[in-house]
Amino acid sequence: MARLKQLIREDPQGWETAWKENITPWDYGQSQPPLSEVLLTSGIPIHKDGRALVPGSGNGYDAITISKILGIEALAVDISATAVGSARRFMKSAGDDAARVSVKEVDFFTFEVDDEDRFSLMYDYTFFVALPKHRRIEWGSQATKLVRPGGYLITLVWPLVDPANPNPPGPPNPALPEHYAEVLGEAWEKVFDKVPETSQETHLGQERIVVWRRIL
Ligand SMILES: C[S@@+](CC[C@H](N)C(=O)[O-])C[C@H]1O[C@@H](n2cnc3c(N)ncnc32)[C@H](O)[C@@H]1O
């Protein structure tokens, strides 16, 4: 972990080195269960006619889960060429489940789409918390640029801030739902916030699944 922290602390290129050196301790081999839980049981009317974006997508598991459950197109984006190559291989092995998923090598912070191509949904898991804290504000403005008004943002907030150790040397840099609210600003409202019932064992009681809707 020390090598990983050293690689990615401030330098976005460090991610490519981490992928090349196969230092990917975050990789769970599938989506975190709370993503399916919120899509299947929250009752939130997430559009079935749009397109989803997963930034910092790694192997792309979450894009597949979203596409499969909602029946929409999903775009997985990652800054690392090695991650993108790995995700593309995973898409092939996933067959029909990945038929509507594409993968792109791009820096989320410089990613642009035309207004008519904005996304109806964005999902963040371990991307926000992987960033240096000073980039959170840019994350918020990019989310607002890339998701259309009326669209949704789902954030699986893990690791949560531990009051006994609020600023451990990250990444990850633990967060709370209010840290996302701070940088999303008035354009967004929180419509759902729950301790998931389906967390993997090591995350039990230590994460929140939060849904935001773009209102402006
Ligand atoms: C902690 S990993 C999480 C990967 C994935 N969400 C998962 O849970 O398996 C963070 C990912 O974000 C990618 N990343 C870091 N900075 C990025 C950026 N500016 N734009 C796009 N991807 C980025 C890294 O290459 C890495 O794959």
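Remember, it's a predicted structure, so these values are computed and weren't measured experimentally.

Asks: Could you give an account of the pairing of strand 5 (residues 147–157), naming the residues involved and the relevant values?
Replies: Strand 5 sits mainly inside the fold: nine of its eleven residues count as buried. Bridge count for strand 4 (residues 119–125) against strand 5 is six bridges, and the pairing is parallel. Bridge pairing in strand 5 places Leu-121 opposite Tyr-152. Assessed by its sense of winding, the connection that carries the chain from strand 4 through helix 6 (residues 136–146) to strand 5 is right-handed. Two elements, strand 5 and strand 7 (residues 208–214), share six bridges in a ladder whose sense is antiparallel. Bridged to Val-157 within strand 7 is Arg-208.

Asks: So, the layout of surface pockets: which residues are in play, and what are the values?
Replies: Left-over empty space is what a probe sized like a water molecule reveals as it rolls over the atoms. If you add up the space inside the largest pocket, you get close to 840 Å³. Taken together, 43 residues line the largest pocket, and the ones lying closest to its centre are Trp-15, Trp-26, Thr-126, Phe-127 and Ala-130. If you list the elements that add at least two residues to the lining of the largest pocket, you get helix 1 (2–8), helix 2 (14–20), helix 4 (61–70) and strand 2 (73–78). If you trace the second largest pocket, you find it lined by Gln-30, Ser-31, Tyr-61, Ile-64, Thr-65, Lys-68, Ile-69, Phe-90, Ala-94 and Asp-97. Counting residues per element, the ones that place at least two in the lining of the second largest pocket are helix 4 and helix 5 (81–94). A per-element tally of the lining of the second largest pocket places helix 4 first, with five residues.

Asks: Go over the pattern of salt bridges with me, naming the residues and quoting the values.
Replies: Scanning the model with the defined rule gives eleven salt bridges in all. Across the salt bridge formed by Glu-16 and Lys-20, the nearest N and O atoms sit 3.7 Å from each other. Separated by four residues within a single helix, Glu-16 and Lys-20 lie in helix 2, roughly one turn from each other. Glu-16 sits in the buried class, given a relative accessible area of 15%. Look at Lys-20 and you get exposed, because its relative accessible area is 62%. The partner of Lys-194 in a salt bridge is Glu-37, with the nearest N and O atoms 3.2 Å apart. Taken together, the residues Lys-194 in strand 6 (residues 188–194) and Glu-37 in helix 3 (residues 33–41) connect sequence positions 157 residues apart. Among the residues examined, Lys-194 registers a relative accessible area of 24% and is labelled partly exposed. Exposure remark for Glu-37: the relative accessible area of 10% places this residue in the buried category. Here the residues in one salt-bridge network are Glu-37, Lys-194 and Glu-197, joined through shared partners.

The rules behind the values
Residues numbered from 1 in each chain as written. Predicted model: local features only at pLDDT ≥ 70, side-chain atom pairs only at ≥ 80, totals over all residues. Heavy atoms only, no water. Buried < 20%, exposed > 50% of the residue type's maximum accessible area, 1.4 Å probe, protein only. Helix = DSSP H or I, 4+ residues; strand = E, 2+ residues; numbered from the N terminus. Pairing = 2+ DSSP bridges. Right-handed = clockwise from strand over helix to strand, strands pointing away. 1 Å grid on protein atoms, 1.4 Å probe; cavity = no way out; pocket = protein on both sides within 12 Å on 5 of 7 lines; lining within 4 Å. Points joined across faces, edges and corners; volume = space filled by probe spheres on them. Salt bridge = Lys/Arg side-chain N within 4 Å of Asp/Glu carboxyl O.

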